[in-house]
Amino acid sequence: MAVTRTFSIIKPDATKRNLTGAVTKMLEDAGLRVVASKRIHMTRDQAEGFYAVHKDRPFFGELVDFMISGPVVVQVLEGEGAMQRNRDIMGATNPKDAAPGTIRAELAESIEANTVHGSDSDENAAIEIAYFFKPEELVG
Ligand code: AMP
């Protein structure tokens, strides 16, 4: 399988609980390599732009409020089939539905405070990586 890249966010519920390392270890143990990483506090504009695809959903306002409620860690992950590999270790959106051993089953608090974001396609991964990183920030 080809080595590809995907985009991940460690969300405010995780940074608040000092779980950046715990989440990153689970990603690394799943065969993903962090090739770029930075801790940022998103502006409202940035979060609304990132989640524009969800702007008509009833939870959009709360989702944006949550994503700017504290710092996040944006990361680019590399590995064989990185997008699917990341989604597999993340687990289902709602931690109640997430398989044991996944990040959300082990660490998430709720469907909103669900610890991690991961791109849902290679196309969206490229868009999301470019939203937060300059090419020269991906250092391998
Ligand atoms: P994503 O699917 O990762 O692009 O982002 C959607 C995010 O919105 C999820 O990760 C959840 O944090 C949040 N979300 C999805 N569905 C709900 C919902 N029914 N209520 C609250 N938050 C939701």
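Values in this document were obtained by computation on a predicted structure and should not be read as measured data.

### Points about the nonpolar core
For soluble globular proteins, nonpolar side chains are generally found buried alongside one another. Ranked by internal contacts, the top residues of the largest apolar core, which has 22 residues, are Phe7, Ile9, Met42, Met67, Val74, Phe132 and Phe133. Among the secondary structure elements, those contributing two or more residues to this core are β1 (3-10), β2 (33-40), α3 (44-50), α4 (60-67), β3 (72-80) and α7 (122-132). Here this core gets 5 residues from one element, more than from any other, and that element is α4. Once residues within four sequence positions are removed from consideration, Val74 is found in contact with Phe7, Ser8, Ile9, Ala36, Ser37, Lys38, Ile40, Phe132 and Phe133. One finds Leu27, Ala30, Ala82 and Val116 within the second-largest nonpolar core, a separate group that totals 16 residues.

### Structural notes on the pattern of salt bridges
Counting across every chain of the model gives 6 salt bridges. Across the pair Arg17 and Glu109 runs a salt bridge whose closest N-O atoms are separated by 3.5 Å. You can see Arg17 sitting in the loop between α1 (12-16) and α2 (20-29) and its partner Glu109 sitting in the loop between α6 (103-107) and β4 (116-118), a full 92 residues away along the chain. Residue class for Glu109 comes out partly exposed when judged on its relative accessible area of 47%. Residues Lys38 and Glu137 are paired through a salt bridge, measuring 3.2 Å at the closest nitrogen-oxygen approach. You can see Lys38 sitting in strand β2 and its partner Glu137 sitting in the segment after α7, a full 99 residues away along the chain. What you see here is one network of salt bridges that share partners, running through Asp13, Arg17 and Glu109.

Rules and cut-offs
Residues numbered from 1 in each chain as written. Predicted model: local features only at pLDDT ≥ 70, side-chain atom pairs only at ≥ 80, totals over all residues. Heavy atoms only, no water. Core = buried A, V, L, I, M, F, W, Y, C linked by side-chain atoms within 4.5 Å. Buried < 20%, exposed > 50% of the residue type's maximum accessible area, 1.4 Å probe, protein only. Helix = DSSP H or I, 4+ residues; strand = E, 2+ residues; numbered from the N terminus. Contact = heavy atoms within 4.5 Å. Salt bridge = Lys/Arg side-chain N within 4 Å of Asp/Glu carboxyl O.

Nothing here speaks to function; it is all geometry.
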